[in-house]
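Listed here are the chains, written in short residue letters.
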Amino acid sequence: MKIKALITLFIMMCITSSLLAQQKKDVNSITKAEVLEMTIEELSAYDLEEVMKLMDITGASSLEELYELLLNKDVTSASKSEESLFDSPLSTTVLKQEQIIASGATSIEEALRLVPGLIVREKTNGTYDVHIRGNDNIPGKNMLLYSENSNTLVMIDGRPVFNYSHGATLWETLPISFVDIEQIEVVRGPSSALYGPNAVTGVINILTKKTNSSSPLVSANLQGGSLNTYIGDLAFRKSFNEKLNIGLTGNYEIRDREKEELYVYNGGSSPEDFNYWLDGDDKAVGSDYYTTEQMSRLQLLNPYTRNEPLLNPKDGKPYYLWPAEGTNEYAIYDTYSTYPNPELSKKKMGVNAYVSFNPNKTTTIDLSGGYQYSDVMTSTMCDMPSSYGRKDSKTGYADLNIKIKDFSFQTNYNGGTTNYAIGNEGFELDLQQFTSQAEYNLKLEKISIRPGVSFQSMSYDDSKHLTELGRGYLNSKQTVNIAAGSLRLDYKPTEKLRLVAALRAEKYNNPSDVYGSWQFVGSYKINENNIFRAVYSRANQSAFLVNTYSNYSWNVVNRPYPNVIHFDGDKDHQLKTMDMFEIGYRIRPSKNVLIDIEGFYNITENGGALMPDYTSATFYNVVDAAIDIADNGQFDTNAPVAIPDSIHMTYLNMPLKSKQLGASVNVDWVISEKLVANAHITVQQTKLDNYLAYSRDDIIEYQVGKAVEQTIGLALHEMGQGGTVNPVQTISSSEYPTDFNNDYKHESTPSYFGGLSLTYRPIKKLEIFPQSYFYGAQKFENQYGDVNIDSKFLLNAKVSYKANDKLTLFLNGRNILNNKTVEFAYMDNTPTLVLVGFNFKL
Amino acid sequence: MKKKLIAAILVLMTISLSGQQSMFKALFMFNFAKYIEWPKQDSKQEFVIGVYGNDDIVPELKKLAAARKINNKKIVVKTVKNPSEVPDASLFYVPHSSSGNIEKVTSFFAGKPTLIVSDKADLCQKGAGINYVMQDGKMKYEVCKRNLTSHQLNVDPKLISLGIEIK
């Protein structure tokens, strides 16, 4: 019996082993189809090394990498702690370095076209206007300065890279490049409660790479092509051990514009209203593109004869728009010193060093420092007859970031010199910016409590760059100090529900006031694949140096009038504030699709601008005009002749209120390991209340008109009483128009904008990335008129060939449909670029 | 209609491929156990695998549990919302989506003979014994001997040589 049982067992073992032998195929000859047909039970017969080979055959892991890269990202900027992007309580997008490189974007700003809710317009080759959701060019009908985005806080590793002098971000002064970047995190919506002032429409936080044992020793990106465009960066990274890591990076970029000519505006658009005289060619001309040589010959046209230049009665000479250097004591710019290389659009370089020291598991010390130089031709930041301006900057920074368990401390310095308008005295400033902040994240069972304090000090000083005091707008060193305390509570009463409250109070030296900002968020995670959230938040701008401390008298020499314009800041002005309500929904209908929907409504108030608050004029024919109007209430023979003499500009808060309603949808879809798609679109509508459709010149004209009215009224009264009236009088007025518009449609922001992209990998070594960016038509309101910007569909494409693990070669086409229409008012046509290059790592 | 059909097919294709990925992770885990020595626990009749939250790996592990044993013990797969639900787990898996709870897991199992497997970059530095990572388009795993030893687990050098050693 026992023997029988043993024989039976032996036979069974033989059968089983032969069956198993049949099932377990040789991993070196097995096909993908055969692996895919196998069950997990069958596969479990293979050992670990064989399973790894089988997995490679199926290619399943590359798909996982795509999920990891595109759909399962982490983010830290939305809650100041690392969390899954899917769980982020705010409208958040993360752009990984790999995505940026794959897209073919040639700058950080251009890469932001991949992010929903961002409006990115190219001004000149490689210089951009970047806005989150909109609220751009408010107040309109003003200088181009007010089109700069002063509502978004851009940071590198939490260090603000913001221009507190005028407001806005000078993107070209960012010292880093793609090789430095780990990921860019974009948080849409007011975020001052987390990051301090200027995070009004949102935050763009660029996180740099941390060196570790798997970092390549050398990595580099280089591309070059059309319009003398060369863009390159290089990094060395070394991990000595798990405690000490260092990195050293450098970048260089140079580009030419698509034309050499520069736009001169306010010159009229048809022969009947031309304002300029082109000396040498001896003809009346208007607003147009001119070479710098032609610009040096532009003079004001005599408005009466219209066939000769207007002559200055004081010296009999014409009024040059750009007087030659040394023409007179107030000559502050000529075309050649203002635009030394009109063909160059951008030149920048930067070097950065990173040291990371982790003495133990719970302590990290990151120290970084660097230097940048930049020189760009883009929209002017001062008030010149041309829309173009050159800016250059030389700055250095140091940033220390310490984390010990749940305590974090960051302090940084940024200093150097920036010239906001080369060739214009008064626009070159030394800057010193300090920021320090400390936070502690107390984590309890269901609640995290994060109290924090911060101090910022931003000093700007133009005095060292002036030929004499009085010619700058500060004429001294001036400082904005901000001391702040904050508290963030993150409460998870259940697995699904999350409630966040963040509060911050800021005390400014000027305006001497305390500003509060906050964020209240509720999110409900219905299940692993659905999350709903609602946000109410408030944020504010900081004080800027120009708005607060301007003290500048401009003796106008190249215009017939006025003689003097005085600019004054207001130390007690109110800071611009935005309130936002937002709802959001994220859904993962299947593992390979992520859809993110957000709807928002925001109200912005307390904006302002340097505007005329007082105009003084000389009224040359008071008596004649009064007599003329006395008979029938009209000027028949003696229209009043009143010429503005001096204008007092002050930073004035405006009653203007902007109301924006909009929504964004973003879809990421990993269709297969060969094909990935992304689409995003934002639709919005902005309306303005208390909108005054007056430019600065219109206000001056209005104030002169009011002064004339009052003077004639007084003259008639005096004459009626039998008194004598002085026929030439100095008159003045500070009256303001009151014909406010409500529900005025603000069309500077396109009603829709978005992007589409596909990543197609027909074979492992080849990647094709077509990408489009589109926006609807806009109307840009400037002090010299409205500019209609056509809707646009831009198409870019990059083809990459991965020669081996170390080297990828690529061909990169930007604007390949050659759609040249301007994206930003008065700026260059969009060029088409064809670039070749490589990415290398060792 | 045709386009919709193609889209649906593409989605199905992707889902099946992602299923492959979870299957390989489960197979890896099953194989890890062959190279790791747990302290003698004769009283234990079951090899308990805890999984933090719902994850595609669970059905794959259950299929394996039905067909195979580990160290001659029946494999039991439990999905939990808190590690305290499986105090006797020999292996505890923290999927990518639950990575935020890694510290909760490591502190709960501190010193216990439990192999903690995770699925997100840098989690070995936070206490995981083995961690799945993506490198050059391939799924690989990191092994931290220090973290295994602290859980009374002995590791075969072969497992380390096939993976990426984190010191």
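Residues numbered from 1 in each chain as written. Chains lettered and ligands numbered in written order. Predicted model: local features only at pLDDT ≥ 70, side-chain atom pairs only at ≥ 80, totals over all residues. Heavy atoms only, no water.

Points about the overall build of chain B
Then, number 1: A count of helical and extended segments in chain B gives five helices and ten strands.
Then, number 2: Out of the 167 residues in chain B, the part that is buried amounts to 53%.
Then, number 3: Within chain B, residue pairs in contact and separated by at least 24 positions form 60% of the contacts whose partners lie at least 6 positions apart.
Then, number 4: With the model as given, the accessible surface of chain B reaches about 7700 Å², and the carbon-plus-sulfur share is 53%. (Helix = DSSP H or I, 4+ residues; strand = E, 2+ residues; numbered from the N terminus. Buried < 20%, exposed > 50% of the residue type's maximum accessible area, 1.4 Å probe, protein only. Contact = heavy atoms within 4.5 Å. Areas by Shrake-Rupley, 256 points an atom, 1.4 Å probe, with all protein chains shown as cover.)

What about the side chain of Lys259 of chain A?
Residues and elements named next belong to chain A.
Then, number 1: Within the fold, Lys259 resides in the loop between strand E12 (244-256) and strand E13 (262-264).
Then, number 2: Its relative accessible area of 15% is what places Lys259 among the buried residues.
Then, number 3: Dropping the residues within four chain positions of it, Lys259 is found in contact with Tyr289, Pro342, Glu343, Asp828 and Asn829.

Focus: the pairing of strand E43 (residues 792-802) of chain A
Residues and elements named next belong to chain A.
Then, number 1: Pairing geometry for strand E40 (residues 766-775) and E43, over ten bridges, is antiparallel. Paired with Leu766 across the strands is Tyr801, a residue of E43.
Then, number 2: Taking the residues between adjacent antiparallel strands as the criterion, E43 and strand E44 (residues 807-814) are bridged by four residues. (Pairing = 2+ DSSP bridges.)

A word on the interface of chain B and chain A
Then, number 1: Between chain B and chain A, the contact holds 46 residues from the first and 42 residues from the second.
Then, number 2: Between chain B and chain A the total buried area reaches about 3900 Å² when both faces are included, carbon and sulfur atoms providing 61% of it.
Then, number 3: Taken together, chain B and chain A are joined by five salt bridges.
Then, number 4: Remark: the boundary between chain B and chain A carries five residue pairs in polar contact (both at pLDDT 80 or more).
Then, number 5: Here the side of chain B that touches chain A is composed, by residue class, of 20 nonpolar, twelve polar and 14 charged. (Buried area = accessible area lost by both parts, 1.4 Å probe. Salt bridge = Lys/Arg side-chain N within 4 Å of Asp/Glu carboxyl O. Polar contact = N/O pair within 3.5 Å; in protein donor to acceptor, adjacent residues only side chain to side chain. Nonpolar A, V, L, I, M, F, W, Y, C, P; charged D, E, K, R; others polar.)

Looking at the pairing of strand E28 (residues 530-540) of chain A
Moving residue by residue along a regular strand, the side chains alternate between the two faces of the sheet.
Residue and element names in this part refer to chain A.
Then, number 1: Across nine bridges, the pairing between strand E27 (residues 514-527) and E28 is antiparallel. Looking across to E28, one finds that Ser523 is bridged to Arg533.
Then, number 2: Linking E27 back to E28 in an antiparallel pair, the connection comprises two residues.
Then, number 3: Pairing geometry for E28 and strand E31 (residues 577-590), over eleven bridges, is antiparallel. Each residue of the ladder has a partner; that of Asn540, found in E31, is Thr577.

Remarks on the pattern of salt bridges
When their charged atoms lie close together, side chains carrying opposite charge are able to pair.
Then, number 1: Summed over the entire model, instances satisfying the criterion amount to 46 salt bridges over all chains.
Then, number 2: Of the charged contacts, one joins Glu49 of chain A and Lys158 of chain B as a salt bridge, the two residues approaching to 3.5 Å between their closest N and O atoms. Taken together, the residues Glu49 of chain A in helix H4 (residues 48-58) and Lys158 of chain B in helix H5 (residues 157-162) connect one chain to another.
Then, number 3: With relative accessibility at 31%, the residue Lys158 of chain B sits in the partly exposed group.

Observations concerning unusual backbone geometry
Residues and elements named next belong to chain A.
Then, number 1: Note the cis peptide between Ile138 and Pro139, where omega equals 0°.
Then, number 2: The topology assignment puts Pro139 in the loop between strand E5 (127-132) and strand E6 (152-156).
Then, number 3: With omega at -5°, the peptide bond leading from Asn510 into Pro511 counts as cis.
Then, number 4: Looking at the element boundaries, Pro511 is found in the loop between strand E26 (497-508) and E27.
Then, number 5: Despite not being glycine, Asn228 shows a phi value in the positive range, around 50°.
Then, number 6: Within the secondary structure, Asn228 sits in the loop between strand E10 (218-225) and strand E11 (229-239).

Geometric descriptors of this kind do not, in isolation, establish any biological role.
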